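Fold and contact review
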Amino acid sequence: MKPVKVGLLGLGTVGGGTALVLSRNAEEIARRAGRGIVIDYAASLDLNRITELGLTTIRTTQNALDVVTDPDIEIVVELIGGYTIAKDLILRAIDNGKHVVTANKALIALHGSEIFAAAQEKGVMVAFEAAVAGGIPVIKAIREGLAANRMQWLAGIINGTGNFILTEMRDKGRAFADVLREAQELGYAEADPTFDVEGIDAAHKLTILSSIAFGVPLQFEKTYTEGITKIAAEDVKYAAELGVGYRIKHLGIARRTEKGIEQRVHPTLIPHNRLIVSVDGVMNAVVVKGDAVGETLFYGRGAGAEPTASAVVADIIDVVRAMTADPTNRVPHLAFQASTLADTPILPIEDVQTAFYLRMRAIDRPGVLADITRILGDRSISIEAFIQKEPVRSGNEVDIIMLTQKVREANMNEAIAAIEKLDSVCGAVTRIRVETLE
Ligand code: HSE
């Protein structure tokens, strides 16, 4: 059989990795796919990349439209990123009857429903494993390996840059900006790194995971999103001292509750004895809990050229395999689950219940602690563990750190607002949610 001709859009970090992996492992890939797979046409604005990647024998262009409209191309691999041009190109490719593989999490999280509807209509496949957690095949795991389960919750470290920054700050005391620069140089960070540090990248990925796990429509705008920029070195230290000892990780959490689906991304205290707290550096990990299987943990590289290419190429292989299957059955397999749960609410963060780590600075005088604990007690917020440090600065301000029991976020918001109004409390209260992942 003739090899399948792939058109590649974008020769950046992941595009380059994809070209290298496809060529280096061509033999195994052909055996697994049942047909050879070749890049036949590549689009890149930077023509130097074509020489750098040794793609001089294939057709190349600076105009990606040439690739998506080319009659010989059967699979278009979109690795440009962003929402606008990439979306137009994917829709054009689908319209031209081409299968699509993409690593574009922002696009899937925001416009996936429109893209899948177009693919369904045209009877082509859209695969996007590389959009979530780079090289970890977590989408395939949930959709295929765990397909028997009613999913209960999932929680993941799904932004390598953020995890790298938190790890380096904790272990080496490095400055935030310095570590971020290194992540950019290593090709981990997004084109706009605020997507990494403000949690937007993780929210894109969590939106996709939640949709796959629970069958709800993609609702990025309802994902609560908080980044890592406000985590201070002292929070890391105090978290380790409190109660059983905690570590702070930036987690994406999706959980099925009786009232709806929790979908949230934020810094989280996790007890030190949970496996996921050892996931450091650029590594990603996702814990998925299903009713039949219990907890499963998926771990690996969530960013970088070849790890992400590993997922892209696996999707190309899947598409090639499915191309030989009955056309009426291919779309549900590789595109999206048709949602039967469109009405299931995604809970606003105010309705989510978690335990909290609180850090505040107060003036060291009689009655201050009583005022703070009364505010918490009046709202039925129970304190689980507590640290008060000796006075700092001018000698009369103390750091007070608490771990509370579970409480509705709305009640905690009220309590924090009341605490911040106390004359004896200086500045804002730092709050970090706690998850025991049980
Ligand atoms: N910027 C992302 C990260 C790349 O750091 O995880 C992979 O999506």
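We now examine the nonpolar core. Counting residues in each nonpolar core, the largest one holds 53 residues, and the members touching the most others are V138, I142, I208 and V288. There are two domains that each give this core at least three residues, and those are domain 1 (4-135 + 305-340) and domain 2 (138-300). Ignoring any residue separated from it by four or fewer positions in sequence, one finds V288 in contact with V138, I142, L146, M151, W153, L154, G294, E295, T296 and F298. Core analysis: the next-biggest nonpolar cluster, separate from the first, contains 34 residues, I58, I316, V320 and A322 among them.

With that out of the way, let us pick up the site of the ligand. Taken together, K105, N159, G160, T161, Y188, A189, E190, D196, D201, K205, G302 and A303 make up the full set of residues adjacent to the ligand. One of the side-chain N or O atoms of K105 is found 2.5 Å from an oxygen atom in the ligand. One of the backbone N or O atoms of Y188 is found 2.7 Å from a nitrogen atom in the ligand. Protein burial of the ligand: of its 250 Å² of free accessible surface, 93% is covered by the chains. At the level of secondary structure, the elements contributing two or more residues to the shell around the ligand comprise α8 (160-172) and α11 (200-214). Here the residues of the shell around the ligand sort into three nonpolar, four polar and five charged.

As a further point, take the packing of aromatic side chains. Counted according to the given criterion, the structure contains two aromatic pairs. Taking 5.4 Å as the distance between ring centres and 40 degrees as the angle between the ring planes, the aromatic pair formed by F116 and F128 counts as tilted. Placement of the pair is F116 in helix α6 (residues 105-122) and F128 in the loop between β6 (126-127) and α7 (138-145), with a sequence separation of twelve residues. Take F116 and F128: they sit in the same class, and that class is buried. One residue, R59, lies across the ring of Y41, its end atom 4.2 Å from the ring centre.

The strand order β3-β2-β1-β4-β5-β6 describes an open sheet built from six strands, whose pairing is parallel. The outermost strands of the open sheet, each flanked by one partner alone, are β3 (59-61) and β6. Looking at chain direction, strand β1 (residues 4-9) and strand β2 (residues 37-43) are connected through six bridges and run parallel. By the bridge assignment for β2, G7 is matched with Y41.

This part is about α7. Burial analysis of α7 places six of its eight residues in the buried class, which makes it a mostly covered element. Within α7 the residues assigned to the buried category are V138, I139, K140, A141, I142 and R143.

Definitions and limits used
The numbers attached to residues start from 1 for each chain and follow its sequence in the written order. Under the rules for a predicted model, residues below a pLDDT of 70 receive no local features and side-chain atom pairs below 80 are neither given nor counted, while totals for whole chains, interfaces and linings still include all residues. Hydrogens and waters are ignored; side-chain quantities use all the structure's heavy atoms. In these notes, a set of buried Ala, Val, Leu, Ile, Met, Phe, Trp, Tyr and Cys residues joined through side-chain atoms within 4.5 Å is what counts as a nonpolar core. Note on exposure labels: buried denotes an accessible area under 20% of the residue type's maximum, exposed denotes more than 50%, and partly exposed covers the range between, all computed with a 1.4 Å probe on protein chains only. Where each domain starts and ends comes from a domain assignment, either automatic or drawn from a database. By the convention used here, residues are in contact when the closest approach between their heavy atoms is within 4.5 Å. We call a residue near a molecule or strand whenever a single non-hydrogen atom of that residue lies within 4 Å of it. Under the rule applied, a polar contact is a pair of N or O atoms within 3.5 Å (in protein, one hydrogen donor and one hydrogen acceptor; residues adjacent in sequence only if both atoms are side-chain atoms). Here, Shrake-Rupley sampling with a 1.4 Å probe gives the accessible areas, and only protein chains in the shown set may cover a residue. We count a stretch as a helix when DSSP gives it H or I for four or more residues in a row; a strand needs E for two or more, and each element gets its number in order from the N terminus. Nonpolar residues are Ala, Val, Leu, Ile, Met, Phe, Trp, Tyr, Cys and Pro. Charged residues are Asp, Glu, Lys and Arg, and all others, Gly as well, are polar. Stacked, edge-to-face and tilted labels apply to pairs of Phe, Tyr and Trp rings (six-membered ring for Trp) whose centres lie within 6.5 Å, assigned for plane angles under 30 degrees, over 60, and everything in between, in that order. Here, a charge over a ring means that NZ of Lys or CZ of Arg falls within 6 Å of the ring centre while also lying within 35 degrees of the ring normal. Pairing between strands requires that DSSP locate at least two bridges from one strand to the other.

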